[in-house]
Amino acid sequence: ANLGAGSGWTGAQFAAWAHAFILVLFLLFCLLGIWAAGRATKLFKNKDPQQAVVDEVIGQLITFLFIPFTFSWPLILAGFLLFRLFDIWKPYPINSLQNLPAGIGVCADDILAAVYAGVGLSLIYAVSLIL
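The following paragraphs examine the structure supplied in this document. Predicted model only: the values in this text are computed from it and were never measured.

### Concerning the overall build of the protein
When you go through the protein residue by residue, the secondary structure sums to 5 helices and 0 strands. Over its C-alpha atoms the protein spans a radius of gyration of 18 Å, topping by over 25% the 14 Å that the globule rule assigns to 131 residues. Seen through its C-alpha atoms, the protein measures out along the principal axes to roughly 60 × 40 × 20 Å. In the protein, which comprises 131 residues, the share counted as buried stands at 32%. Of the roughly 8,500 Å² of accessible surface on the protein, a fraction of 75% belongs to carbon and sulfur atoms.

### Let's talk about the side chain of T63
Within the secondary structure, T63 sits in helix α2 (residues 54-64). Owing to a relative accessible area of 0%, T63 belongs among the buried residues under this scheme. Beyond its immediate sequence surroundings of up to four residues, T63 is in contact with G79, F83, A114, A117, G118 and L121.

Rules behind the numbers
- All residue numbers refer to position in the chain's written sequence, counted from 1.
- Local features in this predicted model are restricted to residues of pLDDT 70 or higher, and side-chain atom pairs are both shown and tallied only at a pLDDT of 80 or more, whereas totals for entire chains, interfaces and linings draw on every residue.
- To obtain the side-chain values, all non-hydrogen atoms of the structure were used and water was disregarded.
- Every helix listed is a DSSP run of H or I at least four residues long, and every strand listed is a run of E at least two residues long, numbered separately from the N terminus.
- Our radius of gyration is a C-alpha quantity, and the globule rule it is checked against amounts to 2.2 Å times the number of residues to the power 0.38.
- The cut-offs for exposure are 20% and 50% of the maximum accessible area for each residue type, with area from a 1.4 Å probe on protein chains only; residues under the lower value are buried, those over the upper are exposed, and the others partly exposed.
- The Shrake-Rupley method, run with a 1.4 Å probe sphere, supplies the accessible areas, and residue values consider only the shown protein chains as cover.
- In this description, contact between two residues means that some pair of their heavy atoms is separated by no more than 4.5 Å.

So yeah, pure geometry; function would need other evidence.
Written as structure tokens, this is what we have:
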């Protein structure tokens, strides 16, 4: 279906461009977050300052990229808990990523923890579809 008379865009084309635009914004946010986390390490004179929470925000956002957009409270809770589990537990090689320099070291462990959590969340989502 066309979005409007004369627009020439189908709903699928619009959705594809919207997703691409959101992805670019997300990547810019991640780069800005890594830069900000690097500044925070210098300002607070700490390798991983607790005052910098952008790494946690990036991690939660990445976790939810693994499932379709939903408002299912059980899935939202599962994603939150899975991310926190992997962020605290830090299975291999998450813990070693903290040794990377400055902002990338602050964010890289949360990014990989989010990937682990996202995979777990996508498995939960897949199982929920067949139950």
